[in-house]
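Architecture and fold: a report
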Amino acid sequence: MRTILLLPFLLAACGEPPTVACSSDIEEVYAETARRVPGFGGLFLGGRGTVHVFMTSGELKDAERALALARPCIDPPIGEVRQIIPVTGDYDYRDLRTWRDTLVEALPDLDVSIRTNSNRIHIAYMDRPDRARIESTVRQTDVPPDAVLVAGP
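The following paragraphs examine the structure supplied in this document.

Calculation notes
- Residues numbered from 1 in each chain as written.
- Predicted model: local features only at pLDDT ≥ 70, side-chain atom pairs only at ≥ 80, totals over all residues.
- Heavy atoms only, no water.
- Helix = DSSP H or I, 4+ residues; strand = E, 2+ residues; numbered from the N terminus.
- Buried < 20%, exposed > 50% of the residue type's maximum accessible area, 1.4 Å probe, protein only.
- Contact = heavy atoms within 4.5 Å.
- Areas by Shrake-Rupley, 256 points an atom, 1.4 Å probe, with all protein chains shown as cover.
- Pairing = 2+ DSSP bridges.
- Axes fitted to C-alpha atoms, helices over the stretch in contact; angles between N-to-C directions.
- Parallel < 35°, antiparallel > 145°, perpendicular 65-115°, else oblique.
- Nonpolar A, V, L, I, M, F, W, Y, C, P; charged D, E, K, R; others polar.
- Core = buried A, V, L, I, M, F, W, Y, C linked by side-chain atoms within 4.5 Å.
- Phe/Tyr/Trp six-rings, centres within 6.5 Å; stacked < 30°, edge-to-face > 60°.

The next thing to look at is the overall build of the protein chain. Of the regular secondary structure elements, the protein chain holds 5 helices and 6 strands. Going through the 153 residues of the protein chain one by one, you find that 42% of them count as buried. Considering only intrachain contacts with a sequence separation of at least 6, the fraction spanning at least 24 residues in the protein chain is 62%. Carbon and sulfur atoms make up 52% of the accessible area of the protein chain, which amounts to about 8300 Å² in all.

Encoded structure:
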């Protein structure tokens, strides 16, 4: 906890702004956080002041830095943080965003989003034939199939 409070001052002393530029688009905030803390893959709130932070490194210090950068921009604001849990993620948020954009273009009729609670791209469909089409489309792109969760009936 002490690290989070001191981190903005340490970053400022190093010449780097203590937070990312806030935007109404949380994706911009997360992408900039991943640029400044490579391997950041998103975060989600647990219960009782717990924040889970996906990091490809799985390192607590990286998770603390990413949270310190992004936290001022998260709306609604995160309350008291009692524990930061680094979760080893497979993907950097910037990669997820690029792959999501590729799949949105390839599957414009489906809901394609980034799920920061799973460090994956989520594709929702309603009709059974869509699943085969989704899987085929993913294979035709540079998106790793393991980065995609497909959900339907």
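Moving on: the sheet that holds strand 5 (residues 120-124). Overall, mixed pairing links the 3 strands, which are arranged 4-5-6 in an open sheet. Only two strands of the sheet have a single neighbouring strand rather than two, namely strand 4 (111-115) and strand 6 (148-151). For this sheet, the mean angle separating the axes of adjacent strands, direction not counted, is 25°. In this sheet, strand 6 lies alongside strand 5 in parallel orientation, the contact comprising 4 bridges.

Here we take up the packing of helix 2 (residues 26-36) against helix 4 (residues 93-106). Between helix 2 and helix 4, the shortest axis-to-axis distance is 8 Å and the interhelical angle comes to 135°. With respect to their mutual orientation, helix 2 and helix 4 come out oblique. Contact with helix 2, carried on its side by Glu27, Glu28, Tyr30, Ala31, Ala34 and Arg35, involves Tyr93, Arg94, Arg97 and Arg100 of helix 4 and no other residues of that element. Classifying every residue of the contact of helix 2 with helix 4 gives 4 nonpolar, no polar and 6 charged.

Pairing is mixed across the open sheet formed by 3 strands, whose spatial order is 1-2-3. Edge positions in the open sheet fall to strand 1 (40-45) and strand 3 (83-88), since each of these has one partner strand only. Neighbour to neighbour, the strand axes of the sheet diverge by 20° on average, direction disregarded. Bridge count for strand 2 (residues 50-55) against strand 3 is 6 bridges, and the pairing is parallel. Bridge pairing links His52 to Ile85 in strand 3.

On to the nonpolar core, then. Tyr30, Phe40, Leu43, Val53, Leu103, Ile121 and Ile123 are the most contacted members of the largest nonpolar core, which has 38 residues in total. At the level of elements, helix 2, strand 1, strand 2, helix 3 (60-70), helix 4, strand 4, strand 5 and helix 5 (128-139) are the ones that each hand at least two residues to this core. Counting residues per element, this core draws most heavily on helix 3, which supplies 5 residues.

The subject of this paragraph is the packing of aromatic side chains. The relative placement of two aromatic rings is captured by the distance of their centres and the angle of their planes. Summed over all chains, the structure comprises 4 aromatic pairs. Ring centres of Tyr30 and Phe40 lie 5.4 Å apart, and the angle between their planes is 80°; this geometry places the pair in the edge-to-face category. In this pair, Tyr30 is assigned in helix 2 and Phe40 in strand 1, connecting sequence segments 10 residues apart. We classify Tyr30 as buried; its relative accessible area is 6%. On the basis of relative accessibility, which here comes to 0%, the residue Phe40 falls in the buried class. Three or more aromatic residues joined by ring pairs make a cluster, and in this case those are Tyr30, Phe40 and Tyr93.

Turning our attention to the pairing of strand 4. Relative to strand 5, strand 4 runs antiparallel, the two being bridged by 5 bridges. Bridge pairing in strand 5 places Val112 opposite Ile123. From the end of strand 4 to the start of strand 5, which pair antiparallel, there are 4 residues, and Asn119 there has a positive phi angle of about 60°.

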